[in-house]
Structure formats: C-alpha cells, structure tokens
Amino acid sequence: MGNYNNLETINFLKKLPEDVVIPLRQHKGAPCKPLVSVGDTVLAGQQIGEAVGLGSAPVHASVSGIVAAIDELPHPSGNKVISIVITVDEQQQSIEFNSLDNPDQSEIKQIIKDAGVVEIYGTPTCEVIENIDTIILNVTYESSMIAGCVGINSYSSQFYKGLKFLMKASGAKQAIIAVNRNNKEAFRILSNLKLESNIRVVPLKIAYTLNMENLLVYDILGARSQMGGKSQDVKVAVCGVNPAYEVYDAVVNGRPSMLMPVSVYGPVGNPQSILVPIGMRFKDIFEQCGGCNGEPGKIIVNGLYTGIAQYTDEVPVVKQTAGILIQSPSEILSVQPIPCIHCARCVDVCPVDILPTRIAILADQGKFDDCRLMHVMNCVECGLCTVECPSKIPLLQLIKYAKVAIERAYVDMAEKESSNLTLGCESCEGGV
Ligand code: SF4
Ligand code: SF4
C-alpha cells in the first residue's frame, strides 16, 4: 500500500495538467450559468459560472488558459454535469485578487458568497451560516487520511482565523471544534492556538461523516433536528476545515475557491495529500502521485464505506472531493462475506441505536416494510457497522438498498409517516 507519511501534510503540485474540467455544479442547487464561451481566454480566479438560486455557488477558473469545450462530462457524483474544459497555458496568469481592510459583517458574508465556498455536503457556506448562534467545526470527518483533517496540520492559524470570520459573518455566539479523540496531533495543534473563551474543543469517539451533521449537533449540544431537517433548524452551522480555510483565503487574500487539498491513498507510487486545482482529473493526480501500481480495481471518493465508487478516472476534483481511495483488484476480491456470527459488534457501534444486522437480513429478503419499522431511515450511513463486521457483510450497502426502496415508495414525507405502506411492483401486488 505504500508509504503514508506524505498524507499528514499538504504537498504541492509539481506540474499542472494539460487541461482541467470544471463542473458548473459543485453544490446542491442548480448548475451555474456559464459566463464564458468556447475559445475565450480565462485567468485563474476568474468567475466562469454564475450561481442560480438557493443552494448554488459561483465557480471560478482554477488555472489560466483557453476554454476548449463546454459539455456534459463525468462528475464524481456519478452523473454527467455541464462542465467547462480549460486548456492550461504556460503563463498562468491570475486576476488581481483584492481584499478589504477590516471588513464588517455584511461584507464578510458577501465575500464568502462571491468566493463560492461550499461545504463538503454541498451546501454553500454562506447559506449554512444564516440564522445560527453556534458553529461546529467538524474535524472528525473520516480519518487523518482525509485532507479535510490534514488541513488542520498544515494551516492551523489560517483555518482558525477563517472560523473567526465565520463567527463574525454569522453573528454566532460560540464555536465548537469537534475532534476525534484519537487525533492527538489535532489536540496538540489546537492547544497552541490560544483559543478565545467562546471557542472550545470537544473530543468525540467517532468520525462524523456525510449525513451525520444532525447527529454531531445532537451528540455535542443535545439539540435535535427533525428527521430530514438541517442543523440550522436548531440554530447550528456545521462547517468543515477546508471551507474555513477558504473563508480565510477569500477574506484576507481575496482568492475564491479554486484549489482543493486531496488525500490520495492506495496502490500508487507515492500516496499523499496534495493541493490541486479544482477540475484536475483523477488520472492526472494519480500520475503526480507516482502512477497507479497496475490497473485500479476500484476508485472511491471520500471514504471506503461512505464514499462513491467511480466508473472512470476521467472525473475531476470538485469542491466536495477530500479523499481518493484506490483499491487493487485483489483487495476487492479478498473481501468475501461469510454468514453472520451474531457477535453484535455492528449493534454496539451504531451511533443511532438501530440493529444493522437485523435490518440487513430484512433488506436482503426485500422486506422493506419491516426495515422501516426497525427505523432504517434513521441510519446516517456512517459505515461503522460495516467496518466492524468480522463476517465482512456489506451491511451499509444492504441498508442503503432498503432506504432507496422506501424513498421511492413514497411521494413525500407525509406519506412516509402513514402506516399503510405498500411496496413492490404491480405483478406482486405490493407484496413483500
Ligand atoms: S446502521 Fe450502520 S451505517 Fe447506519 S448509522 Fe448504524 S452503524 Fe452507521
Ligand atoms: S457485526 Fe457482522 S457478524 Fe457481528 S452481528 Fe453484526 S452482522 Fe453479524
């Protein structure tokens, strides 16, 4: 698997790729409206996509060059998304980055919005910090192999200043830095920062990954959002380390979101965390990491159990890309499940107290009604049950299968709450 020493600090790119692919959708909302045409010259930092409504964030050129194409191209979400392809030039000129001296609350808010900063779960940061009184900075995400956490090692003072800008912009009265209790390096760094009295560090025993924002809020503050709700419903914003760094960079240096720290691990020559321009294709990143050792069996973005497997290495880095895991074909084949030994480890680790083993069996049998009664929809898809299972049963995969089946069976949440659930196709008349 190679040497992982280079994962814990951010390394810099040795050579720019020939082109980059910048998707116009790197957020939850509608795709941006393109502001350039094929043949245009663009400068690094230039806005090339305009946000369209709520949940949408502007996109910027991460390099200078010529717009070679605007087309639907593969995206790490698994879909095709309208993207701007820029052929990289040698000059690498950027726009003039301007910043304000001592900006006030509304100016900082506007800077964050214009810079296109987006949280890893896809919501623009400027929307996340609306109407809140607490910010939780999530440093638990995945392990230290994920660049979102590595950032704290490399940019500790900058991310801390970014957090303070977020507090000023939102008017938050307090901030909490949530750290995995095993991350001793993060505690050491944070203890050197001389935190202000309204900012505290909270050690937590698990990593709070995507979909776990509400659980994170509940575990720290005891505040409970409605199922399917947002942390803002209880006046809390959950932000990531890299967006906090980007806020710092935007406010202090006037630079928009255009670079991402990405951790690359698995069978490549030199696994590392590397700062790359948004839009750099995975295959070009692998080359910078010494190339893949043989044909990759699987490429997974943002974690083995909670991430998304990619069907091509042509996909680009976007604002939600934190880690890229490569698995060799033999690693995939070596994971063959055996029958459940009823050890209950999956039950013990489940942070939402459901019964993964039981639900997985029911999902496998297509008994989605029963899965729902066993609160499968409460699953936050952390993957801990799958990690712990000694029988290598794909618990999360089966649970997701049940959740998707249930989601599809209802038109809206109100119907989901009804008791007369019927699932199944016409031929089996809804029987399960
Ligand atoms: S069922 Fe598994 S994936 Fe879902 S919350 Fe529990 S431990 Fe996490
Ligand atoms: S951890 Fe695996 S083997 Fe143990 S009870 Fe759960 S499903 Fe069964």
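Since we're looking at a predicted model, the values are computed, not measured.

Definitions and cut-offs
- Residues numbered from 1 in each chain as written.
- Chains lettered and ligands numbered in written order.
- Predicted model: local features only at pLDDT ≥ 70, side-chain atom pairs only at ≥ 80, totals over all residues.
- Heavy atoms only, no water.
- Axes fitted to C-alpha atoms, helices over the stretch in contact; angles between N-to-C directions.
- Helix = DSSP H or I, 4+ residues; strand = E, 2+ residues; numbered from the N terminus.
- Parallel < 35°, antiparallel > 145°, perpendicular 65-115°, else oblique.
- Left-handed = near helix turned anticlockwise from the far one by under 90°.
- Contact = heavy atoms within 4.5 Å.
- Nonpolar A, V, L, I, M, F, W, Y, C, P; charged D, E, K, R; others polar.
- 1 Å grid on protein atoms, 1.4 Å probe; cavity = no way out; pocket = protein on both sides within 12 Å on 5 of 7 lines; lining within 4 Å.
- Points joined across faces, edges and corners; volume = space filled by probe spheres on them.
- Domains from an automatic or database assignment.
- Near = heavy atom within 4 Å.
- Patch = residues over 30% accessible without salt bridge, like charges linked within 9 Å, V, L, I, M, F, W, Y side chains within 5 Å.
- Areas by Shrake-Rupley, 256 points an atom, 1.4 Å probe, with all protein chains shown as cover.
- Salt bridge = Lys/Arg side-chain N within 4 Å of Asp/Glu carboxyl O.
- Buried < 20%, exposed > 50% of the residue type's maximum accessible area, 1.4 Å probe, protein only.
- Sits in = over half its atoms within 2 Å of the grid points.
- Pairing = 2+ DSSP bridges.
- pLDDT = per-residue confidence, 0-100.

### Remarks on the packing of helix H1 (residues 105-115) against helix H7 (residues 241-253)
Pairs of packed helices are described in terms of their axes, by the angle between the two and the distance that separates them. Two numbers describe how H1 lies on H7: the axes approach to 9 Å, and their chain directions differ by 110°. What the angle tells us is that H1 and H7 run roughly perpendicular. H1 and H7 meet at a crossing whose hand is right-handed. Across the interface between the two elements, Ile108, Ile111, Ile112 and Ala115 from H1 touch Val247, Ala250 and Val251 from H7. Considering only residue class, the contact of H1 with H7 consists of seven nonpolar, no polar and no charged.

### Focus: the layout of surface pockets
Each pocket or cavity is described by its volume, and for the second largest pocket that value is around 660 Å³. Together, 20 residues line the second largest pocket, and Lys298, Leu304, Tyr305, Pro394 and Gln397 are the ones closest to its centre. The set of elements that each furnish at least two residues to the lining of the second largest pocket consists of strand S15 (298-301), strand S16 (308-310), helix H13 (384-388) and helix H14 (395-409). The element that contributes the greatest number of residues to the lining of the second largest pocket is H14, accounting for three residues. Looking at the lining of the second largest pocket residue by residue, the classes come out as 13 nonpolar, four polar and three charged. Taken together, domain 1 (7-97 + 256-329) and domain 3 (345-428) each give at least three residues to the lining of the second largest pocket, which thus spans both.

### Digging into the site of ligand 2
Close to ligand 2 lie Cys340, Ile341, His342, Cys343, Ala344, Cys346, Thr357, Cys389, Pro390, Ser391, Ile393 and Leu395, which account for all nearby residues. By residue class, the composition of the shell around ligand 2 is nine nonpolar, three polar and no charged.

### What about a nonpolar patch on the surface?
A cluster of nonpolar side chains, Leu304, Tyr305 and Val387, forms an exposed patch at the surface whose accessible area comes to about 230 Å². The residue leucine 304 is located in the loop between S15 and S16 in this model. The class of leucine 304 is partly exposed, set by a relative accessible area of 37%.

### Section: the site of ligand 1
Near ligand 1 lie 13 residues; those nearest to it are Cys350, Cys379, Cys382, Gly383 and Cys385. In this structure, ligand 1 is accommodated by the second largest cavity. When grouped by side-chain class, the residues that make up the shell around ligand 1 number 11 nonpolar, one polar and one charged.

### Details of the sheet that holds strand S2 (residues 19-23)
With antiparallel pairing, the four strands of this open sheet are ordered in space as S2-S8-S7-S4. Every interior strand has two partners, whereas the edge strands, S2 and strand S4 (41-42), have only one. Pairing between strand S7 (residues 65-74) and strand S8 (residues 80-88): nine bridges, direction antiparallel. Counterpart to valine 67 in the pairing with S8 is isoleucine 86.

### Structural notes on the pairing of S15
Taken residue by residue, a regular strand's side chains alternate between the two faces of the sheet. As paired elements, S15 and strand S17 (residues 323-327) share four bridges and run antiparallel to each other. In the sheet register, isoleucine 299 faces S17, and the bridge partner there is isoleucine 326. In this structure, S15 lies alongside S16, joined through three bridges in antiparallel fashion. Note on S16: the bridge partner recorded for valine 301 is isoleucine 308.

### A short note on empty space enclosed by the protein
In total, this model carries two cavities of 30 Å³ or more according to the counting rule given. What the second largest cavity holds in volume is close to 90 Å³. Residue lining of the second largest cavity: 15 residues in total, with Cys350, Pro351, Cys379, Cys382 and Cys385 positioned closest to the centre. Counting only elements with at least two residues in the lining of the second largest cavity, the list comes to helix H10 (345-349) and H13.

### Things to note about helix H6 (residues 213-221)
Within H6 the residues assigned to the buried category are Glu213, Leu215, Leu216, Val217 and Ile220. Packed against the buried residues of H6 are strand S9 (134-138), strand S10 (174-180), strand S11 (199-204) and strand S12 (236-240). Where H6 terminates, the next one or two residues include glycine 222, which has phi positive at roughly 75°.

### What about the environment of glutamine 232?
Among the structural elements, glutamine 232 can be located in the loop between H6 and S12. A C-alpha to C-alpha distance of 7.1 Å links glutamine 232 and valine 128, two positions 104 residues apart in sequence. Leave out the neighbours within four places in its chain, and glutamine 232 touches Glu127, Val128, Glu130, Asn131 and Ile132.

### Considering the confidence of the model for the protein chain
Across the protein chain, the average pLDDT comes to 87, with 89% of residues at 70 or higher. Counted against residues more than four places away or in other chains, residues 1-5, with its pLDDT under 50, gives nine contacts. Low pLDDT, under 50, characterises residues 412-432; the stretch is placed with 24 contacts to residues that sit more than four places away or in other chains.

### A short note on the environment of lysine 235
Relative to the helices and strands, lysine 235 resides in the loop between H6 and S12. Here the alpha-carbon distance between lysine 235 and glutamate 130, two residues 105 residues apart in the chain, equals 8.6 Å. In this structure lysine 235 touches Asn131, Ile132, Asp133 and Thr134, once residues within four positions along its chain are discounted.

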